[in-house]
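Overview (structure and organization)
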Amino acid sequence: METFVDAAKKDANGSVQNKSVTVVFVLGGPGSGKGTQCANIVEHFGYTHLSAGDLLRAEIKSGSENGTLIDNMIKEGKIVPSEVTIKLLQRAIQENGNDKFLIDGFPRNEENRAAFESVTGIEPEFVLFFDCSEEEMERRLLNRNQGRVDDNIETIRKRFKVFLDSSLPVIEYYNAKGKVRKIDAAKPIEGVFESVRSVFTVSGDKVAA
Ligand code: UDP
Ligand code: MG
């Protein structure tokens, strides 16, 4: 039987997709500043920003058949099945003319990571990890007022637990491969971007402006 992974490896014509791309995973707890810093990286280094959470929220709004499932999982701070998220990421990569992508907020667990790698054949260039205390992240989430259904204290606590239990192991996996670039994300936005900038400058993305 063809598995989800087998099926996803093929495009509509049945051939394996092979667009060659550079991917940087941007990880960190909820409220660590991933989205904010990705906007800066896009501006200075020519990447395209793909936020897995934003793609899932757009999928809910589009009235997709998975919308209710995704909505319920986000409200509970749970991780949406890999199949759903990977399809959205894959489509976004294929539809975009760029070949450099920041994937923000994914992979969130080991299963996400292994499935993405196996379906797309893509390994990240490196992993940008925003390290921030829970106290600071909680303060930011409660102050940001973006109207998100999961920015309430009850769901925030659940998201912290999921991050520690499921997402940190992904960071440890890449750390063992020497791929993690850890950033002190507790500083103000400009200070954090100085550290981010030096990571991308060293990595050779000198499209700096
Ligand atoms: N989410 C998911 N898989 C992903 C990315 C996001 O299931 O790959 C869900 C999950 O429920 C998460 C929510 O979307 O709590 C919000 O994710 P986002 O990255 O937008 O927010 P963050 O928690 O990083 O602030
Ligand atoms: Mg985000």
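Conventions used here
Residues numbered from 1 in each chain as written. Chains lettered and ligands numbered in written order. Predicted model: local features only at pLDDT ≥ 70, side-chain atom pairs only at ≥ 80, totals over all residues. Heavy atoms only, no water. Pairing = 2+ DSSP bridges. Helix = DSSP H or I, 4+ residues; strand = E, 2+ residues; numbered from the N terminus. Axes fitted to C-alpha atoms, helices over the stretch in contact; angles between N-to-C directions. Contact = heavy atoms within 4.5 Å. Phe/Tyr/Trp six-rings, centres within 6.5 Å; stacked < 30°, edge-to-face > 60°. Buried < 20%, exposed > 50% of the residue type's maximum accessible area, 1.4 Å probe, protein only.

The subject of this paragraph is the sheet that holds strand 5 (residues 180-184). Taking strand neighbours across the sheet as the criterion, the 5 strands line up as 2-3-1-4-5 in an open arrangement whose pairing is parallel. Each of the sheet's edge strands pairs with one partner strand only, and the pair in question is strand 2 (48-51) and strand 5. Neighbouring strand axes in the sheet, compared pairwise and without regard to direction, differ in orientation by 20° on average. Strand direction decides the pairing type here: strand 1 (residues 22-28) and strand 4 (residues 126-131), joined by 5 bridges, are parallel.

Along the chain, the position of Ser51 falls in strand 2. Apart from residues lying up to four places away in sequence, Ser51 is in contact with Arg57 and Asp104.

Counted according to the given criterion, the structure contains 8 aromatic pairs. Between the aromatic rings of Phe25 and Phe106, the centroid separation amounts to 6.5 Å while the plane-to-plane angle is 75°, which identifies the pairing as edge-to-face. Of the two residues, Phe25 sits in strand 1 while Phe106 sits in the loop between strand 3 (100-104) and helix 6 (110-120), which places them 81 residues apart along the sequence. Of the residues examined, Phe106 reaches a relative accessible area of 1% and is grouped as buried. Ring geometry for Phe25 against Tyr174: centres 6.0 Å apart, planes inclined by 55°, an arrangement best described as tilted. Of this pair, Phe25 sits in strand 1 while Tyr174 sits in helix 8 (residues 153-176), placing them 149 residues apart in sequence.

Interpretation note: all reported values are geometric properties and have no functional meaning in isolation.
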